[in-house]
Structure formats: C-alpha cells, structure tokens
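Given next are the chains, with one letter for each unit.
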Amino acid sequence: MNLLNYLIAICCISGNIVNQKDNVLTVSDRADIPQKSEWRQLFNGKDLAGWKQAGPGDHYVEDGLLKSHGGMGLLYWEREKFGNCTIRVVYRMRDTLDGSGIFIRIPVEPREEWMPIHYGYEVQIDNKPEMYNEDDYHYTGALYSITSPLAKVGKNGPEWNTMEITLDGIRTIVYVNGIKVTDYKEGDPVPDRKFDFEPLRGPRPERGYIGIQNQSKNDIVFFKEIAVKSLDKAIR
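On a predicted model such as this, the values are computed, not experimentally measured, just so you know. (Residues numbered from 1 in each chain as written. Predicted model: local features only at pLDDT ≥ 70, side-chain atom pairs only at ≥ 80, totals over all residues. Heavy atoms only, no water.)

**Considerations on the confidence of the model for the protein**
Point 1. On average, residues of the protein score 86 in pLDDT, and 83% of them reach the 70 mark or higher.
Point 2. The low-confidence segment residues 1-35, where pLDDT is below 50, has 28 contacts with residues more than four positions distant or belonging to other chains. (pLDDT = per-residue confidence, 0-100. Contact = heavy atoms within 4.5 Å.)

Shown next as structure tokens:
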C-alpha cells in the first residue's frame, strides 16, 4: 500500500470524508469538529459590493479606502444580519476631528437615516463631543447617548484607529485601540434622553444589520477594513 492510499484508509476509518484530486488529500469539514473562526472581510477595497446606502449622501471607494460624501445617511451591509460575533473596523478621520458611527443590531433593513438611530445602536466615532455641547455619552466607542466610556483612547486624524465590537447575545462590548471602552447588556440603567436627536430608549435585538454613518459634508471618516468573525464561544 502506498502512502496516499494508506492516508485515505486511515481517514475513512476515523469517519472523515476524504476527497482525492490531483494527488492532493483534503478532509471535508465536519459539524462535530471545532472550527477556528476567521475574519471575513465585508469591504473588499475595490467597490461597494454587498453594501447599500440609506438616507442622504453617499459612499465611494478611492485608493482602496471607503469614503463618504454628504449626509446624514447610512451605508449598511444588506446581505445578512449579525449576532454572536466580533466586528472589526479600521478607520481614521480625514482631518483632525471628524465624526461618524458604526451601527449594530438594526432590526430590519433601513430605508431612511433615522430608523437605525432609534431601533439599533450607534457605536460613536467622535473624540470631541463637547464641541457640539454633548457629554461623554457621545464619545468614541460609547453606545451613542446610552453608555459613558470606560476610557478615552480615540486617535485624531490622520492616525488610524481599530475598533472591535463584540455582540454576545444581549451584551455589547467595544474595544478601541485595544482598550475596553464599553461593556453593556440589555437592561442596564441608561440616562434619560437630553436631545430630540438622541435614540429612543428600549431593547435591541440580538441580531441585526450593521452599517457605517456618513454624518455630514464636514465629517469625513475613511475606512480601510470592515470585517466580521463569529464567536468561538460565549464570553459571558
């Protein structure tokens, strides 16, 4: 028995499915074999395949970066909802200070810009909310007007930032540049609304659409990576 036939026999005995093609031995995935989660890129660096704009303004791709124009609007991933996963976003401000947001837990596909605000969560991008008479509940990495940041670690333009948002059931955890900024679960106390543009209070779904905001013509944020990885296990 040659080596290839020996390997095929061993794999068949163990219950794995084996394919032989061009002398390359491959073993099919099995549901009972733990699989390591990998990052799946949603932004391909070339075009907006899989993405859809809701509300005013638009997004476009230039020099491998996702850029915005006008607003206020939302670019959302229309192909699926996400839950029990980590979303990684790498971004930078065009100028010293610009604003945007990462939307999560949007229950249905948005057709206008306000629905995601009131029925999903916005993970804020804004290092100077006081410039708009807003407080820490509007700082980078916070759930907009819902949570106060555990740390202030957002970098101004032109430095790059990495934000990782974990959706673990009803729990939302946000890291900015490797530092935990938010750890919130449904039912935690939240402040009353102070402004009419702040989101309505109430529970959000465990799964939902995600998107990025084009806040205004004066707030330009560039994105070079938007990726998703399923949770290997609950982190509660």
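Additional details are given in the paragraphs that follow.
**Digging into the sheet that holds strand E14 (residues 209-214)**
Point 1. Judged by pairing direction, the sheet is antiparallel, and its five strands sit side by side in the order E4-E7-E14-E9-E10 without closing on themselves. The sheet is open, and its two edges are formed by strand E4 (51-54) and strand E10 (121-125), each paired on a single side. Across the sheet, the mean angle from the axis of one strand to that of its neighbour is 25°, orientation sign disregarded.
Point 2. Both strand E9 (residues 100-106) and E10 contribute to a ladder of five bridges, which runs antiparallel. Bridge pairing links Ile-104 to Tyr-121 in E10. (Pairing = 2+ DSSP bridges. Helix = DSSP H or I, 4+ residues; strand = E, 2+ residues; numbered from the N terminus. Axes fitted to C-alpha atoms, helices over the stretch in contact; angles between N-to-C directions.)

**Brief notes about the pairing of strand E6 (residues 65-69)**
Point 1. The buried count for E6 comes to four of five residues, which makes it a mostly enclosed element.
Point 2. Joining the antiparallel neighbours strand E5 (residues 58-62) and E6 is a turn of two residues, in which Asp-63 adopts a positive phi near 55°. (Buried < 20%, exposed > 50% of the residue type's maximum accessible area, 1.4 Å probe, protein only.)

**Some words on the nonpolar core**
Point 1. Grouped together as the largest cluster of nonpolar side chains are 32 residues, with contacts concentrated most on Ile-87, Ile-102, Met-163, Ile-165 and Phe-223.
Point 2. The greatest single-element share of this core, amounting to five residues, is contributed by strand E8 (residues 85-93).
Point 3. The contact partners of Ile-165, leaving out residues within four places of it in the chain, are Cys-85, Thr-86, Ile-87, Ile-102, Ile-104, Val-123, Thr-172, Ile-173 and Val-174.
Point 4. The next biggest cluster of nonpolar side chains, apart from the first, holds nine residues, and it includes Tyr-76, Phe-103, Met-115 and Tyr-209. (Core = buried A, V, L, I, M, F, W, Y, C linked by side-chain atoms within 4.5 Å.)

**What about the environment of Ile-102?**
Point 1. Structurally, Ile-102 can be placed in strand E9.
Point 2. The spacing of Ile-102 and Tyr-144 is 42 residues in sequence and 10.0 Å in space, taken between C-alpha atoms.
Point 3. Ile-102 has contacts with Val-89, Tyr-121, Glu-122, Val-123, Ile-125, Met-163, Ile-165, Gly-211, Ile-212 and Phe-223, leaving out every residue within four places of it along the chain.

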